[in-house]
Every structure is written in structure tokens, then in C-alpha cells.
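Residues per chain, in single letters:
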Amino acid sequence: MKKLISLLLTAVMLLSLCAFAHAEEPVEIRIAVNTLGNGWPADPADDFVYQKILKDIGVSVKFDLVDNFYESMGTRMDVYDMYRIDVDHLISWGRQDLLLDLAPYKDKELAAYFDWLGATQLNAAYVDGTLYGLPQLYDGSKSQLNVTVRQDWLDKLGLKMPETVQDLYDVAYAFTFNDPDGNGQQDTLGLTAQKPGNGGIFLFDTIMGSYDTALGNYILIRDGKVTNALLQPGMLEGLKWCKKFVDAKIVDNDALTTTGTDKFIAGQVGMNAVTWPGIWKQYGQDKIHAVNPDAVTSFFTTLKSEVGAEDAMFTGDLSTTNIIMAINADISEEKLQAVFKYIDYIISDEGSDLIFYGIEGDHWVRDENGNVKMTENATAANYISTYQIFSRKELEYLKVKFPEAQQVFEATTAANRIEIYNTLVLEPEEIYLEDMESYVRQQLLAFIYGERELTQEEYDKFIGELNDNFQFDVYMEAAHDQLAAYGLVD
Amino acid sequence: MYWPLYLMIIPGMIFFLVYKYAPMFGIQIAFKNFSLKKGISASPWLWEDGKAWFYWFQRFFRSPANTQIIANTLIISIGKLIAQMIPPLIFALAISETCLKRYARVIQTISYLPHFLSWVIIFGICATMLGESSGVVNNLIRKMGGEAIPFLNNKAYIRGVLIGTSLWQSLGWSSIVFLAAIAGIDTSMYEAATIDGCGRFRKIWYITLPNLGRIFVVLLITKVGHILDGGFEQVYIFLNDRVSSTAQIIDTWVYTQGLGKQQYSLTTAVGLLKSVLSCGLVLGTNALARKWDSSLW
């Protein structure tokens, strides 16, 4: 009996060996990400994009969701071949030699990718002169900061869409005190916003934007010189306006701790500053109409500039929202070639259609003009955004995916932006950047909320404190030197 | 003859060895220039890189925010310590003195519930209740003709909110220990006191409270060990830019500086410093308690 069993076992083992030798194992690359698209299939067998890529180029592309991403990666870096990380970590990991130097491949295997990318974001991929990152495509439409407005309230009160800060004040005032919802009670507010994060205090950004500045330590380039949002000439006026809004009690102060969108939907607030026009999509409109069947929404992006510059919108785009792909320094040659293959594939026409829209004929079709139209089946392809590791031609994509919000996307894309350069600047060792930025936001809000007197002397004193306690001047000198090294200023 | 007991200790010992003692190996990176690539052992010591051995400690103490955050940590912690000791004691006394036992049991069960809520949920409840523009409490204040109070957005109120919510969360749960201790008091003492003509408050004052003294000190010693923590989870969720000057604590600072910016060595150094000081506090409190003969060991 024993002999029989051992014979059988040997036979099974031999058979499986044969099977192994015959099947052509595809090369597997594992990519660590901190989010997955909605409805991500647990089983690759259900993942049509995975299957198609496997069939077309013979590479098995596996995305792994890593919880507490940056904390966990400390011990698991060698498990993955590619990482989806932010600029801070590109710098810190690059400096520890954890990432592959891509310079040898730039003009060969990666030539097509860099061609496709263009020159816009390339600087952000370098750490101390070494090319570590594969940046995302940046076509100026990453953040769709806009202020959604209750058009029916405007109409009812005989107001027009705000164009200047004064208009915004008047509308917010009327929305608060002139009973726009007609219920005879004073229970509405003028302006709310999404809660601060990803580099902005959205409640006030629209106001500050029209003074060509923003509430925080943001490095700007003006007239060929490096400067800072804190040093902009319009800063004090902008702060005074913010204070005026707060003093008049027409803004939702809770928007500094919790997102105000629910209040906008519930008809408690008339204007809402958000970075993503979710309210314009069908589900957003359905939600708002469930509460107020007669609600009509419209929007504006920027207010007329008060300082003679272009109208500008602050979006914090280049800092925290910026995502970069990087490759494990110890990747094997075979896997590296597979990564290059995958990159080439997803920037090709066929590959990009696949990862943007899904399978042709199933999730989308091309109409007579050659435009992509999503089919009813398209929601099944929601999860594929995970594959868009280099982002996408945003406007084109959003128009196809969310045609109902097209006008917002077009307007926000066309709006002028306040470009910031913080990520290109590495602070000198003796500077406590986090502490300084926290102090800056604290004090700017203290000015706005009347906890600190808002005068030129007091503001100068504040800048003095930054210089004395946080070496702000040293930081700005470093910023100048480093941006000059990138050739952005003289 | 106690070998079954020793056997039963083994899993516990293994737990502590694996999860509490083995990780102490990593403490060395507080004195190293830690690099992920090189790992814990191979990373160079600070003096090998030409820096002082206390470089990371110095970096913490030179931070412009450090006096502020140390003060915040202590104030919030001590406030919470008092909130988690005195009110639960009073609550336990009230429960044990209630004649309607079923009523007392219902109240007790209800008071445990907040203990099982995470801070994220508690913050959600707070935002709905205490929000400035649409919170329930402020709506009430406005209806009565008052001015809205920015509980969550004002640096003057935030510590109170932190301490208050921690009291709300832990009131019922912390009273369990006191209730158990009260149940353990010899009832013949109460009977004797009744015969001697003691009223209810006399009995509490002369019998219950003195008997709770020991458990009170034991709790105090364990809680003092956490005085430098301040409750990261809670504070991190309640923190915003308007209140950070009074609510930022050591742990939230370490999180943004250390983990956010990958400064593992700095984080470890501050953690080590905290542990050493906490250990000292526990030993100190115990030595003090020994004077009243109620020390933990």
C-alpha cells in the first residue's frame, strides 16, 4: 500500500513538473498603490483589463493595495517592482538609493514615454540631479476648483453671478440675510467649502486668489523672481476681505473642520467651493434634487483680479496631489523589461483606450465623428482608473466619462492658475518646515478670525517672527538657489 | 507543585518577549542615521557620520514648537487624567447607592456604550452637535438669542472639548473598577455604621472612600505612565489649523514630522525619550504612594 502511494505521489509530482515546463509563465510585475479604483475585482479572472494586457503583451500586471502605505512600505519595499508615491517620498527614498536611477533608459526604453509626457513636469522627477521618477501627465486640469452656486437663489433675489470679491460678498450677504429659500427664517449661509487638505484652505482660496496669493507657505515665481505667497503685495488686502466675510457671519466656519458639501446639498448654504465638481454629475444632481426639486446649480471659477494680474485660481496642484511612479532599485532585468513593455503599451492608442474607457464595443463605442461614447455597461469599468498610473489627458477623458459636467471641466481647465514650486525646493537641514507651515496657517487664520490685529505693522511683525524663529529668510534663499539651478529663474 | 501555573504563564511570556521586548532592538536607530536600504543594523551610528549621539534629541528640543507642544501635552493629559479618575468615582458611588437596582443596571450599560465608539465616530457626533454654523447646540443657543460658540474651531475651547469628549467616552467604562471595589467592601462595616447612627453620606465618607483609596492609587500609577501620550488618535482627528497652537501634542507632532517625512530616527528618539520619562513618572508615583502604604509593588 505504502509503495502504491509513494508511486502515485511521484507520478503526480512528475506530471506537475511537466505542466510547469510547458506553460509559458508570464512575467509578473507588482505595483504598490495606496488606493484602488471603485469596484476593484478581487480575482484577476474578472479583471478584463488585466486579461487583455496579459494577452497582448504577455505581462501579468498586479496592483496591490497597501494599507497605511508609507508606514508599511518601510518593511515591504522589496516585495514590489513599482511604487505609486508622492514627491516627498520620491526624495527620501531616492536619497536612500531605494529607487532605480532611470537615466540609462531615458533615451532608449523610456524614450517613447518621455516623448508622450512632454517637458511640463520633468523637473519634479529628479532628486539631487538623478532621475528617479516617472511623473504623471500634467495638462493643467488636475484640480477643478470651482464655486458651485445656487442659481435659483440668485434669480430669486435678483442677483448676478459674482465677478469680483465685492460681488461675492454681496451675494453671500444676501444668501444669509435675505431668506433665499423663502421659509421666513434666517437659517441659511452664504459660502461653505470642502475641508482644508491637499494644500489649500478652500473657504478663502477664491478670495485670496483674486489677490494673486494663497493662505500658506507657497513658493511662487513673479517677474522672474522667486517669491512667496506670504510676501505677495495683495496679501494684506486679501486677508482683510476674508476677515470682512467672517465678521459679517456669512461664511460657514465649520468648513475648516468638516466638508460643507452636505450643507450645500441640503439647501443650508448657497455657495460651495470644491476641487471636484461631483455635484454636477448625475448622482450629485439627483441628491440635490431629492432635497430641493427646484434647485438649479451653476458655478464660477475665479474672481476678477484686484491686483492687476490675471484672474487666478489657487489649487495647490504641484505639491501634495502630485503622484509619481518609481521603480525598485533591485528589480531584475527581466521584470524591468516587462515594466517598460507595460509603459509602452498603456501610452499607445490601443492601450490608453483600454485603461481609460475599457473594452471597445462593450464599455464604449466610437460614434460617427470618431468620438468615444460610453455605453450603459460603462460602470463595470469604473475600477480601471487604477491602471492609469501616469494619469491621463484629463479634459478629453472627463468629457467622455462625465459629459454632464463638461462645462465645469472646460472652465476650470481654462482658468489661470497660481503655479507653486514648493516640491522643487528642499529645505536646508536646520529648518523645521512642517512647524513653520503649521505656524503660518495658524497665524493667517488668527488674522482672519480677529485673534490677531490685522494691520501692516502686525503683519510685518509676523514675517519677522518667521525669520527669527523659523529662518524663513534662509528658506527663501535656498528656494531661489534651487529654482535657479533648475533654470526657472536667473 | 505549581508547574501547571508556570506552564500557563509561558504564552504570556512569549507574547511579551515577541511583541514588547524583541522590538526594543530597534531602539538603536534613535542613535543612528537610519536608512531603509541599509536596515537597522547596518545603518551608521550618528558619531560615525560626524554627529553628536544626541543629535535627534537635540533636533526635537530645538524645534521652535517644542515648548508649546510639551505644554499642550501635559495640560491635555492632566486634564484627561482628572476627568478619567474623579467623575467615574462619583458615578460609581451614585450607581452603588441607587436603590432601584434595575434602573442602575440600565444606566450602567448605557454609560459603557461610548467606550466602544472609535474617535472618528465620536468626532462625527461632535461635529453634528457642536458645529458652529449648524450644530445642534449652537442652533439652540441662537434660538435663545445667544451667539454661536466655535467649540471645535477655537483654541480657547478645544482643550475643553478634548477633555470633555474623553470623559464622555470613558465615564462608564472607568467606573467598572470602582464598582467592583465597592462590591468588595465588607458589608458588616456598613451594618455597624448604621447601628452607630451613620447616615448615607457619613458611610460614603468614612467607609467607601477610604476603602477605594488603594484601587485609586493603583489606577493613578498606571495612568501617570501615559501622561506624555495625550491620546494621539483623538487629538489627531480633532486637530485643525485654528486650534493647533493649543492642541498639538508630542505624538501628533511626531506623526507629521517623523512618519509623514520618513524621519524614523527622530520618531524613535522622541518615543524613547517619552518612554524613559514615563517610566520615571511611574516609579516616582509608586515611591510616593509607598509613603501611604498603598504602592503597586
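Everything below is about the structure shown above.
The following paragraphs examine the structure supplied in this document. Computed from a prediction, not measured in an experiment: that's the story for all the values here.

### A look at the overall build of chain B
The number of helices and strands found in chain B is 14 helices and zero strands. Starting at the N terminus, the α and β elements of chain B follow one another as α-α-α-α-α-α-α-α-α-α-α-α-α-α. C-alpha atoms of chain B, sized along the principal axes, occupy 75 × 75 × 35 Å. In chain B, which comprises 297 residues, the proportion classed as buried is 42%.

### Remarks on the pattern of salt bridges
Residue and element names in this part refer to chain A. Applying the stated criterion across every chain yields a total of 24 salt bridges over all chains. We note a salt bridge from Lys52 to Asp56, for which the minimum N-O separation is 2.9 Å. Here Lys52 and its partner Asp56 are both found in helix H2 (residues 48-57), four residues apart, which amounts to about one turn of the helix. Accessibility expressed as a relative area gives 22% for Lys52, which makes it partly exposed. Among the charged side chains, a network of salt bridges with common partners joins Arg452, Glu458, Lys461 and Glu465.

### Focus: the packing of aromatic side chains
All names here are of chain B. Scanning the entire structure with this criterion turns up 47 aromatic pairs over all chains. Residues Phe60 and Phe61 carry aromatic rings whose centres are separated by 5.1 Å and whose planes lie at 65° to one another, so their mutual orientation is edge-to-face. Taking the relative accessible area as the measure of exposure, Phe61 reaches 43% and is therefore partly exposed. On the basis of an interplanar angle of 85° and a centroid distance of 5.1 Å, the ring pair of Phe123 and Phe238 is categorised as edge-to-face. Separated by 115 residues along the polypeptide, Phe123 in helix H6 (residues 119-130) and Phe238 in helix H11 (residues 232-238) bring together distant segments of the chain.

### Considering the interface of chain A and chain B
By a frequent convention, interface size equals the accessible area lost on bringing the separate parts together. On the side of chain B, 37 residues touch chain A, which itself brings 40 residues to the contact. At the boundary of chain A with chain B, the tally comes to four salt bridges. For the salt bridge of Arg441(A) with Asp241(B), the shortest nitrogen-to-oxygen distance reads 2.8 Å. At the junction of chain A and chain B, the tally comes to 16 residue pairs in polar contact (both at pLDDT 80 or more). No other element matches the seven residues that helix H16 (residues 433-448) of chain A contributes to the side of chain A that touches chain B. Looking at side-chain class alone, the side of chain A that touches chain B contains 14 nonpolar, 11 polar and 15 charged residues.

### Looking at the sheet that holds strand S11 (residues 269-274) of chain A
The strands making up a sheet are joined through hydrogen bonds of the backbone, oriented either antiparallel or parallel. All names here are of chain A. Pairing in this open sheet of four strands is mixed, and the strands run S8-S11-S7-S12 from one edge to the other. Two strands close off the open sheet at either side, each with one partner strand: strand S8 (189-193) and strand S12 (297-300). Strand after strand, the sheet turns through a mean of 25° between neighbouring axes, direction not considered. Pairing between strand S7 (residues 146-150) and S11: four bridges, direction antiparallel. Looking across to S11, one finds that Val149 is bridged to Met271. Packed onto the sheet, helix H8 (residues 202-209) meets S7, S8, S11 and S12 and runs at close to 100° relative to S8.

### A look at unusual backbone geometry
All names here are of chain A. In this structure, Asp97 is a non-glycine residue whose phi angle is positive, near 60°. Its place among the elements puts Asp97 in the loop between helix H4 (87-95) and helix H5 (111-117). Taking relative accessible area as the criterion, Asp97 reaches 47% and is therefore assigned partly exposed. Phi at Asp179 is positive, roughly 50°, even though this residue is not glycine. With respect to the element layout, Asp179 can be found in the loop between helix H7 (165-177) and S8.

Conventions adopted
- Residues numbered from 1 in each chain as written.
- Chains lettered and ligands numbered in written order.
- Predicted model: local features only at pLDDT ≥ 70, side-chain atom pairs only at ≥ 80, totals over all residues.
- Heavy atoms only, no water.
- Helix = DSSP H or I, 4+ residues; strand = E, 2+ residues; numbered from the N terminus.
- Buried < 20%, exposed > 50% of the residue type's maximum accessible area, 1.4 Å probe, protein only.
- Salt bridge = Lys/Arg side-chain N within 4 Å of Asp/Glu carboxyl O.
- Phe/Tyr/Trp six-rings, centres within 6.5 Å; stacked < 30°, edge-to-face > 60°.
- Contact = heavy atoms within 4.5 Å.
- Polar contact = N/O pair within 3.5 Å; in protein donor to acceptor, adjacent residues only side chain to side chain.
- Nonpolar A, V, L, I, M, F, W, Y, C, P; charged D, E, K, R; others polar.
- Pairing = 2+ DSSP bridges.
- Axes fitted to C-alpha atoms, helices over the stretch in contact; angles between N-to-C directions.

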